[in-house]
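Chain and residue survey
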Amino acid sequence: MLALTSDGAAGSVWSRNLSDDLAMHRGMVAIHEQYTREMYEKYGYFATWLPSTRVELGDVGTFSGHRFDKVTTLSELGVAFQSGVSSPRADLEYSSSGAVSVTTDGALGVVKSTPLASVSITFAREGATYFQASECREQAIENLAQLQTALMPLCHNGTWHPDYVVVTRLVSTGPTMILISSRGDTRVELALNADGLGTPLPLAKAAGNFVMTAKSGLAVSVLADEGSTPLFRASQMRRRVLGRRELVFRGGDDDLDLELAAVGWDDVPAGSLG
């Protein structure tokens, strides 16, 4: 099950009229900037937006701030690549510093021989994040030097735009929970199997097996019991000053190598580089 909801009835992601849509859009812009920046600062990886968006190795697109917008894929451009072996599995957990509190409120009773407990998650500000992802594994495109060579002709003929990036590292997860608040008094209450509370990342692992008994002020709720692709790294063809084009990892908009300068391919005399 993959659920993406806003504050309101289940499955009602955005509002129903133009004025509400515009108001929600203004709020979501601030929230997406906060979420993607926080995740980048924590992990050094870009975060997908919306958090339920599926990304694959070889996806090609552009960045607006920290948000990735897919345009095409390496396969659609006729560029072959190989994926490496997945890394060992690990659990990831993050909450906005000083803005998220999780408490277990006690037993709710027994239903069909299953002891239930109540868990409350409260958020102290707008745009605060609660993130749990279990069984995470990273996979990467092998031999980036070979990929760089394959992209050179596309740069020369204009197929590959100077602002294009390609997803070269991807984190896939097992059961995942991502909650983002829309205001400072956001609160979520869950009823779940009490026996699982002592395990690592109990809320993520219960993503498909709990009841959200109450909620208020949620901007985004992603409950993915079959996993997601919330984090990735991307590479970009850039030109070192007076040097040749290279495929390099793209940092955040405040983390670019100052020796790297994005230029249009028309700025470089034909045959002089690459």
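The following paragraphs examine the structure supplied in this document. Note that this is a predicted model, so its numbers are computed, not measured.

Looking only at helices and strands, the protein has three helices and 16 strands in total. Counting the 274 residues in the protein, one finds 46% classified as buried. Within the protein, counting contacts between residues at least 6 apart in sequence, those at least 24 apart form 75% of the total.

Attention now moves to the nonpolar core. Among the nonpolar cores identified, the biggest contains 25 residues, and Leu74, Leu147, Leu151, Trp160 and Phe232 are the most heavily contacted of them. Breaking this core down by element, the ones donating at least two residues are strand E3 (59–64), helix H2 (144–156), strand E9 (165–172) and strand E14 (231–240). If one sorts the elements of this core by residue count, H2 sits on top with five residues. Core analysis: the next-biggest nonpolar cluster, separate from the first, contains 19 residues, Met39, Cys136, Val222 and Leu231 among them.

Attention shifts here to the side chain of Thr186. Looking at the secondary structure, you find Thr186 in the loop between strand E10 (176–181) and strand E11 (187–193). Taking the relative accessible area as the measure of exposure, Thr186 reaches 1% and is therefore buried. A distance of 2.7 Å separates the side chain of Thr186 from the backbone oxygen of Gly217, its partner in a polar contact. Excluding residues that lie within four positions of it along the chain, Thr186 makes contacts with Ile121, Thr122, Phe123, Ser181, Ser216, Gly217 and Leu218.

Below, the discussion takes up the packing of aromatic side chains. Considering all chains together, one arrives at nine aromatic pairs under this definition. Measuring from centroid to centroid gives 6.4 Å for Tyr43 and Phe131, while their planes differ by 50°, and the two rings are tilted. With Tyr43 in helix H1 (residues 18–43) and Phe131 in strand E8 (residues 129–140), the pair connects residues that are 88 residues apart, well separated along the chain. By relative accessible area, which is 0% here, Phe131 ends up buried. Arranged with centres 5.4 Å apart and planes meeting at 90°, the rings of Trp160 and Tyr164 form a pair that is edge-to-face. Tyr164 carries the same exposure label as Trp160, and that label is buried. Every member of this aromatic cluster is reached through a ring pair, and the members are Tyr40, Phe46, Phe63, Phe68 and Phe232. Sitting over the ring of Tyr43, Lys42 keeps its end group 5.9 Å from the ring centre. The ring of Phe249 carries the charged tip of Arg233 above its face, separated from the ring centre by 4.2 Å.

Within the element layout of this structure, Ser120 appears in strand E7 (residues 114–123). With relative accessibility at 1%, the residue Ser120 sits in the buried group. Distance in space between the C-alpha atoms of Ser120 and Ala214 is 9.2 Å, their sequence separation being 94 residues. Not counting residues up to four positions away in its chain, the partners in contact with Ser120 are Ser101, Val102, Thr103, Asp105, Arg187, Val188 and Glu189. A distance of 3.1 Å separates a polar atom in the side chain of Ser120 from a polar atom in the side chain of Arg187.

How each quantity is defined
- Residues numbered from 1 in each chain as written.
- Predicted model: local features only at pLDDT ≥ 70, side-chain atom pairs only at ≥ 80, totals over all residues.
- Heavy atoms only, no water.
- Helix = DSSP H or I, 4+ residues; strand = E, 2+ residues; numbered from the N terminus.
- Buried < 20%, exposed > 50% of the residue type's maximum accessible area, 1.4 Å probe, protein only.
- Contact = heavy atoms within 4.5 Å.
- Core = buried A, V, L, I, M, F, W, Y, C linked by side-chain atoms within 4.5 Å.
- Polar contact = N/O pair within 3.5 Å; in protein donor to acceptor, adjacent residues only side chain to side chain.
- Phe/Tyr/Trp six-rings, centres within 6.5 Å; stacked < 30°, edge-to-face > 60°.
- Lys NZ or Arg CZ within 6 Å of the ring centre and 35° of its normal.

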